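Read off the chains here:
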Amino acid sequence: MRSPSFTTNRLFALALALFGLFAMPAAARDLQFAVIAPDQKEASLRYAAELSNSLAAHAHVLDESLVSSAYKSVSPKAPFNMTAAEARNLGAVVGCDFFLLVRSADQRRSSYAREEYYESYAVVYAVSSRTGRLVDWSLPKFEAAKPGESAKLLAASIPGKAAELAEKLKNV
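Treat the numbers as computed from the prediction; the structure is a model and nothing was measured.

A. Representation of the nonpolar core within the structure. Counting 22 residues, the largest nonpolar core has V35, Y47, L51, L55 and L100 as the members making the most contacts within it. Those elements that provide at least two residues to this core are β1 (32-36), α2 (42-55), β3 (98-109), β4 (117-128) and α6 (158-170). Those residues in contact with L55, other than ones at most four positions away along the chain, are F33, V35, V61, L100, A162 and A166. Grouped together as the second largest cluster of nonpolar side chains are 14 residues, M82, L90, V94 and L101 included.

As structure tokens, this is what we get:
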């Protein structure tokens, strides 16, 4: 039979380990991200997929099909203008620390100053699932003389944007 102090020490060690596991700050564990393209347009879906792939090198990104199913179950009326409560609810249903809402497009432009040109842009909103608050947003955009060139420039900027987001959100 074991001594009472041996049993007490083992219980104390177990309690300490459990406390350490559950009290670990978010920065010390792998953050979970969800990338969502609410408008379901080709450019937005393409940017969201590339952002997810690049972000996966820095953090855990949830599977797109699972995130899409969870998003559709909540289906916010105005996904780019949610209240904090709606955003917290969406984050809870998706099961992530942060979700990124993405809208992207390629457009032909013209102005008095220059001939026809093309613009590709992406708007990325980073929302905390815990608070429901917007914690970051960005609007990378690129212009070029030919339609495919601006899209290539935008795509080339994604890995840097993913690294920047992962670093910034680890400190939130």
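Okay, back to it.
B. Fine view of the pairing of β3. With four bridges connecting them, β1 and β3 associate as parallel partners. What sits directly across from I36, in β3, is L101. Taken together, the 12 bridges between β3 and β4 define a ladder with antiparallel strand orientation. From the neighbouring strand, V102 faces β4, where its bridge partner is V124.

C. Seen up close, the pairing of strand β5 (residues 134-138). Sheet topology note: the β4/β5 ladder contains four bridges and is antiparallel. Looking across to β5, one finds that Y125 is bridged to W137. In this structure, the hairpin formed by β4 and β5 is closed by a connection of five residues, where G132 is found at a positive phi of approximately 80 degrees.

D. Just the packing of α2 against α6, in detail. Running from N to C, α2 and α6 cross one another at 60 degrees; their axes reach a closest spacing of 8 Å. Comparing their axes, α6 and α2 come out oblique. As for the relative orientation of α2 and α6, their crossing is right-handed in sense. Across from Y47, E50, L51, S54 and L55 in α2, the residues of α6 making contact are I158, P159, K161, A162 and A166. When its residues are assigned to classes, the contact of α2 with α6 shows seven nonpolar, one polar and two charged.

E. Here's a closer look at the packing of aromatic side chains. A complete count under the given rule lists two aromatic pairs for this structure. On the numbers, 5.7 Å between centres and 55 degrees between planes, the contact of F80 with Y125 is tilted. One end of the pair, F80, is in the loop between α3 (64-74) and α4 (84-94); the other, Y125, is in strand β4, with 45 residues separating them in the sequence. In this structure F80 comes out as partly exposed when scored by relative accessible area, which is 25%. Taking NZ or CZ as reference, R103 lies 4.1 Å from the ring centre of F80, over its face. In this structure, R114 is placed above the aromatic ring of Y117, and the distance from its NZ or CZ to the ring centre is 3.8 Å.

Conventions used here
- Residues numbered from 1 in each chain as written.
- Predicted model: local features only at pLDDT ≥ 70, side-chain atom pairs only at ≥ 80, totals over all residues.
- Heavy atoms only, no water.
- Core = buried A, V, L, I, M, F, W, Y, C linked by side-chain atoms within 4.5 Å.
- Buried < 20%, exposed > 50% of the residue type's maximum accessible area, 1.4 Å probe, protein only.
- Helix = DSSP H or I, 4+ residues; strand = E, 2+ residues; numbered from the N terminus.
- Contact = heavy atoms within 4.5 Å.
- Pairing = 2+ DSSP bridges.
- Axes fitted to C-alpha atoms, helices over the stretch in contact; angles between N-to-C directions.
- Parallel < 35°, antiparallel > 145°, perpendicular 65-115°, else oblique.
- Left-handed = near helix turned anticlockwise from the far one by under 90°.
- Nonpolar A, V, L, I, M, F, W, Y, C, P; charged D, E, K, R; others polar.
- Phe/Tyr/Trp six-rings, centres within 6.5 Å; stacked < 30°, edge-to-face > 60°.
- Lys NZ or Arg CZ within 6 Å of the ring centre and 35° of its normal.

Honestly, it's all geometry; don't read function into it.
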